[in-house]
Amino acid sequence: MKTSLPWKKTTIEDTVAKESQGISRSKEIWMRLMRDKSSMISLGFIVILILVAIFANFLIDEKLVTEQNVAERIQGPSIKHWFGTDLYGRDIFARVIYGSRVSLSIGILTVIISTTIGGLLGSIAAYYGGVTDSIIMRITDVFLAIPEQLLAMTVVAAMGATPLSVIAALSVAVIPNRTRLVRSAVLGIVDTQYVEAARAIGMKNFGIIFNEIIPNSLGPIIVVSTQGIASIMLTASSLSYLGVGIQPPTPEWGAIIFEAREFLRIAPYMLLLPGFVIVLTALAFNLVGDGLRDALDPRLKD
Amino acid sequence: MSDELLNVENLEVIYKTTQETVQAVNKISFTLKRGETLGLVGETGAGKTTTALAIMQLLSKTGKILSTNISFNGRNLLELSDEEMRLQIRGESIAMIFQDPMTALNPVMTVGDQIAEAIRYHSTDINEEEIQKRVDEVLEMVGIQASRKFEYPHQFSGGMKQRVVIAIALSCEPDLLIADEPTTALDVTIQAQVLAMMGELRDRLGTAMIMITHDLGVVAQICDKVAVMYAGELIEQGTLEDLYVSKDHHPYTIGLFGALPNLKEETDRLAPISGLMPDPSKLPKGCNFQERCPHSMDICKEKDPDVFINNTHMIKCFLFAHKES
Amino acid sequence: MIRYVARRLLLLIPILFGVAFLIFFIMELSPGDPATKILGIEAPPEAKEQLREQLGLNDPFFVRFFNYTKNIAFHLDFGVSWRTKNPVFQDILPRIPVSLTLASLGILFATLFGIPLGVISAVKQNTIGDNALRVVATVLVAVPTFLLAMLLILIFSSKLGWLPASGAATLESYILPVITCGGPYGCAILRITRSTMLEEIRQDYVRTARAKGVPDNVVTFKHALQNALLPVVTTIGQNFGAILGGSVVAESVFSLPGIGSLVILGIRSKDTPTVIASVLLISIFFAIIMLIVDLLYAFIDPRIKAKYAKANA
């Protein structure tokens, strides 16, 4: 049927030009993150916590961490001792503040190490495929067959209970999981139509790796790493609590609660207040991780 | 008993979220007789699916029906409770099938179970044996071996899946079948088969049908009357003859027909209608089509066009102001 | 299908072999002389040397490992505990039922708590109930197991005196440990159930079911939930390692004589054979559970059942 009217003909170029006025991707993600109130509050808390950890010695005298004061032992919270004192008369608040250094550094260092090594192994496995992939994945499977916390405990058992061995232990426990994650993220991208489309336009391999594979796989890696900090810190605390991690007098949060357990009935504040700090910190990291996940893929939200 | 089955009167539907209010359907009216097939034509986003969902009252939580009367078999559907809708209307008197057969079926239930479900929830005193017999009957009716009722959806091809969907819809022999682009997701050859089958079943069972589609070829094949929707409004309605033979048309309709590739003529490029449908949350004053219409006049920007009726043919456009008879 | 199961079970063997090797290797790195640990520092050097010969401690690493696995495979001999001087197997055996009870009750509790509440939370999205549940679940996941254990003891045992705080004497004494292990786990299940249900409710087949006239609760529980279960089961499997870790803590805090507390005892007293054997056994349990989870998939989703069956063809 012939038209009796001249219709305007649009070109593909016009449409594309109109739609590419969008903002850069990372900025868009950041904007979405900012809208999530709980993430922002948590992020604020974490920043404050990190600052407190770094500048702890300006806020509180380091001596208070180990200074024993028998006269003042087992006192509830007061103006002088915000969190009260422990069985040796040490100021619990000071210990918790300095403990943040220990816990945060363990958490962050472990995440950095495990993400780097795991990421490397996962990418190599995904990129080279074949025998290399099989070997790496079989070895990873063996590691994954041992529950994370147990694996960490075993390593600490072998290496002794020092901060270094705790970091090493936690890294060993977490690396296999990251390896698998990065491998599947990279494999997922390589196969998708993003890459096909990029090749169709004529992008070179290098460009594809930088513009398509890395940005698209970074997402889940960042989310998992952030949420992982909380779980790593909790595991480290568990290790200390069980006596197979960092020991007192180092003020690691788990160790502090370990010392408080005898006084559960008479002086519960000794574990409640530090415990509160632990939960708040883990919660903050979890919320930021959740927020990042929602910001990176809003479809996953309700 | 009157011949009239469905009477949609000034249907108005909005979607209201915390951010905006979207006018999805803006006072449309049409009727349907028993056994008749209406083709509801329009672009994506014109409001066709919303209209169908409104009749079934299956709109999402943000959808609200503002009008007051959808008359079906003499009853006002909008006055029925959800329970009454569920028991008496949905699946029983009015059935609806959707566009994508790949996702329309529950992947973890056998095909037979899914058909049986439709039957089970509408018959009060039917025993299991009779249900299974009916399932077999219905499968045979759409051209699928009854023995396949123990299989899962993923074991069927796209066209077969759509047949299953149709089987589920027709299992209770509804008076009205609303089909929302049932063949769009299928290959052209399968499309023809499925369409032929639908027409045959429609004739056999006397089911009225609303065929939602953007494909004018489908309309020509199976419909008795046509309604063209644009940006939530019905801009043209009429019998098949009115739409395909008559020379008078709304400019949008002309555009739709013009965008069809023609086997007989040589053209360098297809002639799409330039521009896009207006944002339903920010509809323009006056005619919704004015910005894309090559004939738009000043009055089109000011007033909502009047509807001009010529016998069975209705056009909502100021161009036909003189044609009223 | 049976062939698939058999094949998976067979595949477990090399993995467990690898696990044994890994743990053996890690413990190999620990400093100190076993003979000294067993006999004590004051023991005469000749006695220590004799013991070393006897235990084969002078043999190279691989020979020792080979002998170790041989002993396990043929004699169920996991060596002798350096702490108790008993055969390790003898120490472990009575502890197995305790740990099994704790772990199974924990999973049960977590599932019965997480899935129904997750469904309700999804169906009543954004209501007060939903939001309250989400807040509780989010916070509970951030509480470390040992802290939760102590809080529960504080409230229910110390202040209220309702439940015992230690020992495995009665079934009652399992209540707090089960809540400790299963609580955070259940919250993770709740959250994933909720989010997958929210997605499933929006799927096309749900719309088809409603259009058919199927009642809402059938749509929710029969149609949507069954499809939502798949990611939920995945999460149950993925987080199971955490429940095992949590059970180790719970056993310690509540003084339950299970394998978990034995591991801790072993680590603290540097009793290598016990540590190796306990971790190995726990890993075996873990691997079997993961296999069961994998098989559960096939039951839930016929598409996966078909894939598994096809994998043998």
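Every value quoted in this text rests on a predicted model; they were computed, and no experiment measured them.

Scoring rules and cut-offs
- Residues numbered from 1 in each chain as written.
- Chains lettered and ligands numbered in written order.
- Predicted model: local features only at pLDDT ≥ 70, side-chain atom pairs only at ≥ 80, totals over all residues.
- Helix = DSSP H or I, 4+ residues; strand = E, 2+ residues; numbered from the N terminus.
- Buried ≥ 20, exposed ≤ 12 C-beta atoms within 10 Å, placed from the backbone.
- Contact = placed C-beta atoms within 7 Å.
- Pairing = 2+ DSSP bridges.
- Axes fitted to C-alpha atoms, helices over the stretch in contact; angles between N-to-C directions.
- Parallel < 35°, antiparallel > 145°, perpendicular 65-115°, else oblique.
- Nonpolar A, V, L, I, M, F, W, Y, C, P; charged D, E, K, R; others polar.
- Core = buried A, V, L, I, M, F, W, Y, C linked by C-beta atoms within 7 Å.
- pLDDT = per-residue confidence, 0-100.
- Bend = angle between axes of the 7 residues up to and from the residue.

## Re the overall build of chain C
Secondary structure assignment for chain C yields 14 helices and zero strands. In sequence order, chain C lays out its α and β elements as α-α-α-α-α-α-α-α-α-α-α-α-α-α. Along the three orthogonal principal directions, the C-alpha set of chain C runs to about 85 × 60 × 30 Å. Within the span of chain C, comprising 313 residues, buried residues form 41% of the whole. A sequence separation of at least 24 residues applies to 72% of the contacts in chain C between residues at least 6 apart.

## So, the overall build of chain A
Summing up its helical and strand segments, chain A has 13 helices and zero strands in all. Reading chain A from its N terminus to its C terminus gives the helix and strand order α-α-α-α-α-α-α-α-α-α-α-α-α. In chain A, which comprises 302 residues, the proportion classed as buried is 41%.

## Side note on the sheet that holds strand 9 (residues 208-213) of chain B
Residues and elements named next belong to chain B. Strands sit in the order 7-8-9-3-10-11-13-12 across an open sheet of eight strands; the sheet is mixed. Each having just a single partner strand, strand 7 (94-97) and strand 12 (307-310) make up the two edges of the open sheet. Direction aside, the axes of adjacent strands within the sheet are offset by 15° on average. Where strand 10 (residues 225-230) lies against strand 11 (residues 233-239), six bridges are found, and the strand directions are antiparallel. What sits directly across from alanine 227, in strand 11, is glutamine 237.

## Focus: the packing of helix 8 (residues 148-159) of chain A against helix 1 (residues 2-28) of chain C
Where helix 8 of chain A contacts helix 1 of chain C, the axes come no closer than 8 Å and their chain directions differ by 30°. Between helix 8 of chain A and helix 1 of chain C, the angle falls in the class roughly parallel. Contacts between helix 8 of chain A and helix 1 of chain C involve Thr154, Val155 and Ala158 of chain A from the former and Ile23, Ile26 and Met27 of chain C from the latter. Class assignment for the residues of the contact of helix 8 of chain A with helix 1 of chain C results in five nonpolar, one polar and no charged.

## Some details on the interface of chain A and chain C
Contacts between the two partners involve 36 residues from chain A, matched on the other side by 40 residues from chain C. When contributions to the side of chain A that touches chain C are tallied by element, the ones reaching two or more residues are helix 7 (130-144), helix 8, helix 11 (205-242) and helix 13 (269-296) of chain A. With nine residues, the single largest contributor to the side of chain A that touches chain C is helix 8 of chain A. Split into classes, the residues belonging to the side of chain A that touches chain C amount to 24 nonpolar, seven polar and five charged.

## Here's the deal with the nonpolar core
Judged by nonpolar contacts, the single largest core of 237 residues is most densely connected at Met211 of chain B together with Ala149 of chain C. Per-element accounting of this core gives the leading share, 16 residues, to helix 11 (residues 216-253) of chain C. Sequence-distant contacts of methionine 211 of chain B, that is, excluding residues within four places in its chain, are made with Thr37, Leu38, Gly39, Leu40, Ala179, Val218, Ile222 and Cys223 of chain B.

## Structural notes on the packing of helix 7 of chain A against helix 1 of chain C
It is the contact of helix 7 of chain A with helix 1 of chain C, at a shortest axis distance of 8 Å, that shows an interaxial angle of 70°. Accordingly, the angle class assigned to the pair helix 7 of chain A and helix 1 of chain C is roughly perpendicular. For the pair helix 7 of chain A and helix 1 of chain C, the contacting residues are Asp141, Val142 and Phe143 of chain A in the first and Ile15, Gly18, Val19 and Leu22 of chain C in the second. Counted by class, the contact of helix 7 of chain A with helix 1 of chain C contains five nonpolar, one polar and one charged residues.

## A short note on unusual backbone geometry
All names here are of chain B. In this model, asparagine 10 sits at a positive phi of 50°, which is unusual for a non-glycine residue. Tracing the sequence through the fold places asparagine 10 in strand 1 (residues 4-16). The phi angle at asparagine 311 is positive, at roughly 65°, despite the residue not being glycine. As for its placement among the helices and strands, asparagine 311 is situated in the loop between strand 12 and strand 13 (313-316). Taking the number of C-beta atoms within 10 Å as the measure of exposure, asparagine 311 has 10 and is therefore exposed.

## A word on the environment of lysine 133 of chain B
Residues and elements named next belong to chain B. Within the element layout of this structure, lysine 133 appears in helix 5 (residues 128-141). For lysine 133, a count of 14 C-beta atoms within 10 Å gives the class partly exposed. Taking C-alpha positions, lysine 133 is 43 Å from glycine 232, a pair spaced 99 residues apart along the chain.

## Quick word on the pairing of strand 13 of chain B
All names here are of chain B. Residues His313 and Ile315 of strand 13 are buried on one face, and the alternating residues Met314 and Lys316, pointing to the opposite face, are buried as well. Summarising the sheet, strand 11 and strand 13 pair through two bridges and their orientation is antiparallel. Following the sheet pairing, glutamine 237 is matched in strand 13 by methionine 314. Relative to strand 13, strand 12 is paired through four bridges, and the arrangement is antiparallel. Among the inter-strand pairings, valine 307 is bridged to a residue of strand 13, identified as lysine 316. Taking the residues between adjacent antiparallel strands as the criterion, strand 12 and strand 13 are bridged by two residues, where asparagine 311 takes a positive phi near 65°.

## A look at the confidence of the model for chain A
All names here are of chain A. In the predicted model, chain A carries a mean pLDDT of 78, and the fraction of residues at 70 or more is 80%. Highest mean pLDDT in chain A belongs to helix 7 (90); lowest belongs to helix 1 (residues 12-19) (43). A low-confidence stretch, residues 1-23 (pLDDT under 50), is modelled with 20 contacts involving residues beyond four sequence positions or located in other chains.

## Here's the deal with the environment of tyrosine 252 of chain B
Residues and elements named next belong to chain B. Here tyrosine 252 shows up in helix 10 (residues 251-258). Residue tyrosine 252 is classed as buried on the basis of its C-beta count, with 25 C-beta atoms lying within 10 Å. In the structure, tyrosine 252 is positioned 165 residues away from leucine 87 in sequence and 40 Å away in space, judged by C-alpha atoms. Every residue in contact with tyrosine 252, bar those within four places of it in the chain, is listed here: Val228, Tyr230, Ile235 and Phe289.

## Looking at the pairing of strand 11 of chain B
Burial analysis of strand 11 of chain B places six of its seven residues in the buried class, which makes it a mostly covered element. With antiparallel pairing between neighbouring strands as the criterion, strand 10 of chain B and strand 11 of chain B make up a hairpin whose turn holds two residues, including alanine 231 of chain B at a positive phi of roughly 45°.

## Side note on helix 9 (residues 175-201) of chain C
Approximately 35° is the largest bend angle found in helix 9 of chain C, and it occurs at glycine 182 of chain C, with the proline proline 184 of chain C only one to four residues beyond. Counting buried residues in helix 9 of chain C gives 22 out of 27 residues, a clear majority hidden from the surface.

## Overview of the environment of isoleucine 131 of chain B
Residue and element names in this part refer to chain B. With respect to the secondary-structure elements, isoleucine 131 resides in helix 5. Classification of isoleucine 131 as partly exposed rests on a count of 19 C-beta atoms within 10 Å. With 182 residues separating them along the chain, isoleucine 131 and histidine 313 place their C-alpha atoms 45 Å apart. Leaving out residues up to four positions away in the same chain, isoleucine 131 has contacts with Ala116, Ile119, Arg120 and Ile126.

## Topic: the confidence of the model for chain C
Do not read the predicted coordinates in detail wherever pLDDT is low. Residue and element names in this part refer to chain C. Summing up the model confidence of chain C, the mean pLDDT is 84 and the portion of residues at 70 or higher is 96%. Of all secondary-structure elements in chain C, the lowest mean pLDDT belongs to helix 2 (residues 34-39), at 70, while helix 6 (residues 95-123) reaches the highest, 90. The complex model carries a pTM of 0.79, and its ipTM stands at 0.85.

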